[in-house]
Structures are given as C-alpha cells and as structure tokens.
Amino acid sequence: RAFAVIDLNTVAQRLGRDDAFRQTLQVRQNQLSGELNQLRGKFLQDARTFQSELGEAPSPEDQQKLATLINQMNARLNQAQQTASQQLTQTQVAQVQKFYAEVRPIALTVARERGYNAILNRSDDIVFAYDPRSDITEEVVRRLGTPVVP
C-alpha cells in the first residue's frame, strides 16, 4: 500500500476555504482595479492638461509630442496591468501554498496511520483510478475541523 489519495478541492470546499480563497482574491482584485483606475485617471488628466497647454491650434511638432505622451502613458498603463495580474496570481499561489502547508501534516499523519508512504492529489487529474479505501479525504477534513458542508 504505497499511495493514499486525497481530493484537496473537496477538503477546501468542505472546510469553507474555497469561499475564503475567492473572497481574498476578490478583495485583492478590487484593490488592484482601483489602483489601475486611479493611474488611468491621472494619465487622462495629464494628457488633457498637456493638450490644453498646447492651445487651440497646436503645431505638428506639438501634436507629435502629445501622441508620444499618450503612447508612453498607454505603455505604462499596460505594464501596470501586467504587474497587477502577476500580483493577483501571486496572491492566489500564496493562498494555495498556505492551505497545503496546513493540510500536509494532517494528511501525512492519516496516510502513515493507514500504512501509506505517499499521497496523490485526486483533484490534479493525475490519478486514473484508485481503490476508494485509499482515499483519506474525509478523515483529513474531520481532523482539520468541522466541515461546513455536510
């Protein structure tokens, strides 16, 4: 009996952690969206200010300066959007790692008690088939806390 099987998605759902993960990600996404909107607003205001300083009939050189400024602002906004996306991904990865660190010692204890030396995550689509007796999901949920979902 070498491998125990666990469904970490089920563990997260049964303990209500999936909702907590979604809420944390939503809060972070809202923060990042707010920051991007502020940056977009600042860039728009800067472009309008620059345009008004050029007057009613800007020269072709001034029009080119305005176009360059707008292009630079768009590039900076695109970079900020990419950074925000990376930060959101980092938040998600950190949450998953924290959850795994919480589950791992309990899952290992249950697996060892049942004579297994390794654990496969059933929710990773790596496990093709398994004997349901090797599934430690419910015992891990029980030991981690009261399930939220019966």
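Note that the coordinates shown come from a computational prediction; the quantities given were computed from them, not determined experimentally.

## Quick notes on the packing of aromatic side chains
Thinking step 1. Counting across every chain of the model gives two aromatic pairs.
Thinking step 2. Ring centres of Phe21 and Phe99 lie 5.7 Å apart, and the angle between their planes is 80°; this geometry places the pair in the edge-to-face category. In this pair, Phe21 sits in helix α2 (residues 17–54) while Phe99 sits in helix α3 (residues 60–113), placing the two residues 78 residues apart along the sequence.
Thinking step 3. On the basis of relative accessible area, Phe99 is assigned to the buried category, the value being 4%.
Thinking step 4. Each member of the aromatic cluster is reached from another via a ring pair, and the members are Phe21, Phe99 and Tyr100.

## Looking at the nonpolar core
Thinking step 1. Ile6, Val11, Phe99, Val103, Ile136 and Val140 are the most contacted members of the largest nonpolar core, which totals 17 residues.
Thinking step 2. Those elements that provide at least two residues to this core are β1 (3–6), α1 (8–14), α3 and α4 (137–144).
Thinking step 3. The element that contributes the greatest number of residues to this core is α3, accounting for five residues.
Thinking step 4. Setting aside its immediate chain neighbours within four residues, Ile136 contacts Ala4, Val5, Ile6, Ala107, Val110, Ala111, Arg114 and Ile119.
Thinking step 5. Counting residues in each nonpolar core, the second largest holds seven residues, with Leu36, Phe43, Met73 and Ala84 among its members.

## Looking at the side chain of Asn121
Thinking step 1. On the secondary structure map, Asn121 appears in strand β2 (residues 118–121).
Thinking step 2. Residue Asn121 is classed as buried on the basis of its relative accessible area of 11%.
Thinking step 3. At a separation of 2.6 Å, a polar atom in the side chain of Asn121 contacts the side chain of Ser123.
Thinking step 4. If near-sequence neighbours (up to four positions away) are discounted, Asn121 is found in contact with Ile6, Asp7, Leu8, Tyr100 and Val127.

## Details of α4
Thinking step 1. Looking at α4, one finds that the buried residues are Thr137, Glu139, Val140, Val141 and Leu144.
Thinking step 2. Where the residues of α4 are buried, they touch β1, α1 and α3.
Thinking step 3. At the C-terminal side of α4, Gly145 shows a positive phi close to 155°.

Scoring rules and cut-offs
- Residues numbered from 1 in each chain as written.
- Predicted model: local features only at pLDDT ≥ 70, side-chain atom pairs only at ≥ 80, totals over all residues.
- Heavy atoms only, no water.
- Phe/Tyr/Trp six-rings, centres within 6.5 Å; stacked < 30°, edge-to-face > 60°.
- Helix = DSSP H or I, 4+ residues; strand = E, 2+ residues; numbered from the N terminus.
- Buried < 20%, exposed > 50% of the residue type's maximum accessible area, 1.4 Å probe, protein only.
- Core = buried A, V, L, I, M, F, W, Y, C linked by side-chain atoms within 4.5 Å.
- Contact = heavy atoms within 4.5 Å.
- Polar contact = N/O pair within 3.5 Å; in protein donor to acceptor, adjacent residues only side chain to side chain.

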